[in-house]
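One-letter residues, chain by chain:
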2 protein chains.
Amino acid sequence: MEFIKELDGGFSVIENLEVSGAREGKFGVTVIVSRNSTASAVFTSNKVVAASVEYTKNVIKNGIVSAVFVNSGNANCFTGEQGFKDCETLVELVSRDLKIPKDEIAIASTGVIGREMPIDIISKVAYESLSKLGNKPENSLAAAKAIMTTDTFPKECAVEVTLTTGETVKIAGITKGSGMIAPNMGTMLSFIVTDAEISSEDINKALKQAADLSFNMIVVDGDESTNDTCLMMANGQSNVNVVNDGQVDSNFQEALNYLCINLAKKMARDGEGATKFLEANVYGAKDQNDAKLAAKSIISSSLFKSAVFGGDPNWGRIVSAIGYSGCDLNPDIVTIAIADDEDEVDLVRKGEILAFENTPYLERAEKIMQSKNVTVNIDMYLGDGQATAWGCDLTYDYVKINAEYTT
Amino acid sequence: MEFIKELDGGFSVIENLEVSGAREGKFGVTVIVSRNSTASAVFTSNKVVAASVEYTKNVIKNGIVSAVFVNSGNANCFTGEQGFKDCETLVELVSRDLKIPKDEIAIASTGVIGREMPIDIISKVAYESLSKLGNKPENSLAAAKAIMTTDTFPKECAVEVTLTTGETVKIAGITKGSGMIAPNMGTMLSFIVTDAEISSEDINKALKQAADLSFNMIVVDGDESTNDTCLMMANGQSNVNVVNDGQVDSNFQEALNYLCINLAKKMARDGEGATKFLEANVYGAKDQNDAKLAAKSIISSSLFKSAVFGGDPNWGRIVSAIGYSGCDLNPDIVTIAIADDEDEVDLVRKGEILAFENTPYLERAEKIMQSKNVTVNIDMYLGDGQATAWGCDLTYDYVKINAEYTT
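Residues numbered from 1 in each chain as written. Chains lettered and ligands numbered in written order. Predicted model: local features only at pLDDT ≥ 70, side-chain atom pairs only at ≥ 80, totals over all residues. Heavy atoms only, no water.

## Things to note about the overall build of chain A
Looking only at helices and strands, chain A has 11 helices and 18 strands in total. Its C-alpha atoms give chain A a radius of gyration of 22 Å, within 12% of the compact-globule value 22 Å for 407 residues. Looking at chain A as a whole, 64% of its 407 residues are labelled buried. Both charge centroids of chain A, one from 36 positive and one from 57 negative side chains, sit 5 Å from each other. (Helix = DSSP H or I, 4+ residues; strand = E, 2+ residues; numbered from the N terminus. Rg over C-alpha atoms; globule rule 2.2 N^0.38 Å. Buried < 20%, exposed > 50% of the residue type's maximum accessible area, 1.4 Å probe, protein only. Lys, Arg positive; Asp, Glu negative; His and termini not counted. Charge placed at Lys NZ, Arg CZ, Asp CG, Glu CD.)

Next up, the structure:
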């Protein structure tokens, strides 16, 4: 899309934004300071939620956030009254240091469930992080690194978008998460800042749409965290309002979707133990909801994920995963293709199997399955529904990471 | 339950029943002959179903089954018109050999999806199997073995039940499946015969209840097969009718539940790559549906299953899995315990965490997690809902089996 330009530098592309990150062992602290920003967030739908999620749900009600405090290493979940006290302690620390009212400070956590916060260590790392606030690319990178847990690489994205009016604004974000998502060490946290002018209500609408197309379409293991948070702030530095007649500018929405999808794909690619990146595109489903069900079911199937790890073009597992997804399907007319960056081959074309043994179809399929990026394309010929989901293969290392991580 | 007595010998405990099994390489054939039996069945809810499932759904409508033909090694799924022709060919073969009308012969298949049946080999193994029909324990064992695919042991169960009237009847069954269930090599097939007198409609009611408490409460990988079939026949040899005033005798129902649970647990224990057997008991849920959601969610969590493999008492993953299951939950009052055959320890008691580091609670929990049989007991204190689910750990070998299996 021509109106979206990807930029380097993460958060550093946004004016009047300061970020930092510091770490001691497994405990990291990221601070994001975007004074007097309108803000909204989407949270985990898990019924067990971290104290920090409850706390931030309250903060966000006012629609104004000036700073976000994030710690990794401890989820502050299932920690009772003490959990809330620890949120208050940390928010007070940030408030005093930055001279920001407490009710404008959001908090997020990721790490082990059911352990009280080691408040001394986290406070110490917090002071260190606060002392490093800045608006350079390296500050953004440090912020993206300090929230990592089992992540193997930091995840940033920044874009400049030309609105339908011709004006430009920027959006930048960081995320962490090794899937959607491990409830213990794999929480998804995303923080996005734009220099656009946009109310908290409109951020909420725009963010929900973007999250549905991105963070809600990646699967590593199907487990959903108690701590998932995606928080977006708008500091208005561009002096460009992106809402006209109550409608979010469509280019802004597209750019936000693009940014969130970019961050989500980075999480799927960094899925715990992953060696391959998976994309499932479903076309021609009865409606969009059916398309989402089918795409997510393919990406979630342990059997298909294992087959991808093994490089086996086992399309029966794809068909079966669509079959139990709950979507409408007519096996007699479905087309199933797999692709990598170089080739695409139909395995089943309008219900007819092509990929028999000793055919060029199967040979090409086997080659594609060896690639680092494997894409499944399904056409159901039932309607206009379309969706894409992302994931990764299921590997020995997924089991190893999650078997050997000790409470 | 005193009115249920487990018997040895599998199908051999039922009079006027002949069974057999034979195998050549990966292709096995099991035949079950129970002439003129009332019958019913429950099938996969996957929208992609095997030709054999479609075929048998038609046969079962008449309510009478005299023989069941089962092949392993090929699922006869996604095989178009040819798949139905192959069903007819095989049913004709059985019909001629046993002099049983074709419309009384059911058929079931398990194996690779999307490959035409190798009808010559299967016919050859079919004749061999038919030549071995008998009513000895070794016939039952051969029948249980011939339907195996990735199963590592044959699965039989037989019971004698004393009805509320004091009369006795018997029920016997075999099953195959390395989970609930791999769509390719892990289909669940169960065949049950009783010598009771019971109409096909009443079999259907009783079987649905039993399947809901057993086969529908086990999870290995969450994938659901295109071929799952549980078929039950009643040959009336006992001359004892188990239905009075339209009600299935409650002891008969309990015994059928017992048998199905026994077979289901054997499947969970034999889950692909499993080293440990898991049971999750949920008490005090808002209602039974909530209890089922919670129990199945625990058993299905890849993270908890990996933790069990690693022997890690990571109860945060249990809490989280309950939290996203969709059931009602108040974390402040929940009790979470784990147990093996020797010990049971509370990790969380009415919302209070006990299993902190360096406590005897955690030490005992770590010991329990080393056991072959790990049980999770949850009390939610919200209502009367109760359910049990069974599963296994997630291991390197699960990935290996499903990565290396070649189409």
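## Remarks on unusual backbone geometry
For A:Asn36, which is not glycine, the phi torsion reads 60 degrees and is therefore positive. Note that A:Asn36 resides in strand β3 (residues 27–43). A relative accessible area of 56% means that A:Asn36 is categorised as exposed. At B:Lys350, a residue that is not glycine, the phi angle is positive and equals roughly 50 degrees. You can see B:Lys350 is positioned in the loop between β15 (344–349) and β16 (352–353).

## Some details on the pairing of strand β18 (residues 385–392) of chain A
Residue and element names in this part refer to chain A. Across the eight residues of β18, six count as buried, placing the element largely inside the fold. Where strand β9 (residues 218–219) and β18 come together, two bridges link them in parallel fashion. Bridge pairing links Ile 218 to Trp 390 in β18. Sheet topology places strand β13 (residues 277–285) next to β18; seven bridges connect them, and they run antiparallel. Note on β18: the bridge partner recorded for Ala 280 is Ala 389. (Pairing = 2+ DSSP bridges.)

## Re the pattern of salt bridges
Residue and element names in this part refer to chain B. Scanning the entire structure with this criterion turns up 20 salt bridges over all chains. With its nearest N and O atoms 3.7 Å apart, the salt bridge here joins Lys 102 to Glu 92. Here Lys 102, found in the loop between α2 (80–98) and β5 (105–112), pairs with Glu 92, found in helix α2; they are 10 residues apart in sequence, far enough to count as distant. A salt bridge links Lys 132 to Glu 128, with the nearest nitrogen and oxygen atoms 3.0 Å apart. On the accessibility criterion, Glu 128 (33% relative accessible area) is partly exposed. (Salt bridge = Lys/Arg side-chain N within 4 Å of Asp/Glu carboxyl O.)

## Digging into the sheet that holds β9(A)
Residues and elements named next belong to chain A. An order of β9-β18-β13-β17-β14-β15-β16 is seen for the seven strands of this open sheet, with the pairing classed as mixed. Among the strands making up the open sheet, the edge pair consists of β9 and β16 (352–353). Two strands pair when backbone bridges link them, and strand β14 (residues 335–339) and strand β17 (residues 373–379) are joined in this way by five bridges, in the antiparallel orientation. By the bridge assignment for β17, Ile 338 is matched with Val 376. Running over the sheet, helix α6 (residues 250–269) touches β9, β13, β17 and β18 and is turned about 40 degrees from β18. (Contact = heavy atoms within 4.5 Å. Axes fitted to C-alpha atoms, helices over the stretch in contact; angles between N-to-C directions.)

## Section: the sheet that holds strand β14 (residues 335–339) of chain B
All names here are of chain B. The strand order across the open sheet built from seven strands is β9-β18-β13-β17-β14-β15-β16, with neighbouring strands paired in mixed fashion. Both edges of this open sheet fall to β9 (218–219) and β16, since each of them pairs with a single strand only. Alignment of strand β13 (residues 277–285) against strand β17 (residues 373–379), held across seven bridges, turns out to be parallel. Across the sheet, residue Leu 278 finds its bridge partner in β17, namely Val 374. Strands in contact with helix α7 (residues 288–300) are β9, β13, β17 and β18 (385–392); relative to β18, the strand with the most contacts, it is inclined by about 20 degrees. Against the sheet, helix α8 (residues 302–310) touches β13, β17 and β18, its axis set at about 130 degrees to β13.

## Considerations on the environment of B:Thr359
Residues and elements named next belong to chain B. Inspection of the secondary structure assignment puts Thr 359 in the loop between β16 and α10 (360–368). Take Thr 359: its relative accessible area is 16%, and that puts it in the buried class. The spacing of Thr 359 and Ala 108 is 251 residues in sequence and 53 Å in space, taken between C-alpha atoms. One polar contact links the side chain of Thr 359 to the main-chain carbonyl oxygen of Phe 356, over a distance of 2.6 Å. (Polar contact = N/O pair within 3.5 Å; in protein donor to acceptor, adjacent residues only side chain to side chain.)

## Regarding the packing of aromatic side chains
For the coordinates displayed, the defined rule picks out five aromatic pairs over all chains. With 6.2 Å between their ring centres and 85 degrees between their planes, A:Tyr396 and B:Tyr396 make a pair best called edge-to-face. Of the two residues, A:Tyr396 sits in helix α11 (residues 396–404) while B:Tyr396 sits in helix α11 (residues 396–404), which places them in two different chains. Residue classification places B:Tyr396 among the partly exposed residues on the basis of a relative accessible area of 28%. With a centroid separation of 5.2 Å and an interplanar angle of 85 degrees, the aromatic rings of B:Phe309 and B:Tyr396 are classed as edge-to-face. Here B:Tyr396 lies in helix α11 and B:Phe309 lies in helix α8, a separation of 87 residues in the sequence. Judged by its relative accessible area of 22%, B:Phe309 falls in the partly exposed class. Every member of this aromatic cluster is reached through a ring pair, and the members are A:Phe309, A:Tyr396, B:Phe309 and B:Tyr396. Its end group placed over the ring of A:Tyr381, A:Lys350 keeps NZ or CZ at 5.0 Å from the ring centre. Positioned above the aromatic ring of B:Phe153, the side-chain terminus of B:Lys155 is 4.5 Å from the ring centre. (Phe/Tyr/Trp six-rings, centres within 6.5 Å; stacked < 30°, edge-to-face > 60°. Lys NZ or Arg CZ within 6 Å of the ring centre and 35° of its normal.)

## A closer look at the packing of helix α7 (residues 288–300) of chain A against helix α9 (residues 315–323) of chain A
All names here are of chain A. Where α7 meets α9, the axes come as close as 8 Å, and the angle between the chain directions of the two elements is 135 degrees. Relative to α9, α7 is oriented oblique. Relative to α9, the crossing made by α7 is right-handed. Note on element contacts: α9 touches α7 through Ile 318, Ala 321 and Ile 322, opposite Ala 294, Ser 297 and Ile 298. Grouping the constituent residues of the contact of α7 with α9 by class yields five nonpolar, one polar and no charged. (Parallel < 35°, antiparallel > 145°, perpendicular 65-115°, else oblique. Left-handed = near helix turned anticlockwise from the far one by under 90°. Nonpolar A, V, L, I, M, F, W, Y, C, P; charged D, E, K, R; others polar.)

## Overview of helix α4 (residues 137–146) of chain B
Residues B:Asn139, B:Ser140, B:Ala143, B:Ala144 and B:Ala146 constitute the buried set of α4(B). In this structure, the buried side of α4(B) is in contact with β2 (18–24), β3 (27–43), β4 (64–74), β6 (155–162) and β7 (168–176) of chain B.

## Observations regarding the side chain of A:Asp393
Residue and element names in this part refer to chain A. Note on placement: Asp 393 falls in the loop between β18 and α11. Buried charge without a partner: Asp 393 forms no salt bridge, and the closest opposite charge is Lys 276, 5.6 Å away. Polar contacts involving the side chain of Asp 393 include one to the side chain of Thr 275, which spans 2.4 Å.

## A few points about α6(A)
For α6(A), which comprises 20 residues, the first-to-last C-alpha distance of 28 Å matches the rise-based estimate of 28 Å (1.5 Å per residue) to within 8%. Capping the start of α6(A), A:Asp249 holds a side-chain oxygen 2.8 Å from the backbone nitrogen of A:Asn251, two or three residues further along. (Expected span 1.5 Å × (residues − 1).)

## Some details on the packing of helix α5 (residues 200–213) of chain B against helix α6 (residues 250–269) of chain B
Residues and elements named next belong to chain B. Where α5 meets α6, the axes come as close as 8 Å, and the angle between the chain directions of the two elements is 40 degrees. If you check the angle between α5 and α6, you find them oblique. Two packed elements cross with a definite hand, and for α5 against α6 that hand is right-handed. In this structure, α5 uses Ala 206, Leu 207, Gln 209, Ala 210 and Leu 213 to contact α6, whose residues at the interface are Gln 253, Leu 256, Asn 257, Cys 260 and Ile 261. When grouped by side-chain class, the residues that make up the contact of α5 with α6 number seven nonpolar, three polar and no charged.

## Description of the side chain of B:Lys155
All names here are of chain B. On the secondary structure map, Lys 155 appears in strand β6. Since its relative accessible area comes to 0%, Lys 155 is described here as buried. If we ignore the near neighbours within four places in the chain, the residues touching Lys 155 are Ala 144, Gly 173, Ile 174, Thr 175, Gly 177, Leu 263, Lys 266, Met 267 and Asp 270.

## Some words on the state of the cysteines
Tallied over the full model, the rule gives zero disulfides over all chains. Sulfur of A:Cys230: no disulfide; nearest cysteine sulfur belongs to A:Cys260 and is 5.4 Å away. (Disulfide = S-S within 2.5 Å.)

## Things to note about the environment of B:Val248
Residue and element names in this part refer to chain B. Among the structural elements, Val 248 can be located in strand β12 (residues 247–248). Judged by relative accessible area, which is 17%, Val 248 ranks as buried. Along the primary structure Val 248 and Ile 100 are separated by 148 residues, whereas in three dimensions their C-alpha atoms are 29 Å apart. In contact with Val 248, not counting residues within four places along its chain, are Ile 198, Asp 202, Ala 206, Val 242, Val 243 and Gln 253.

These values are about where atoms sit, not about what they do.
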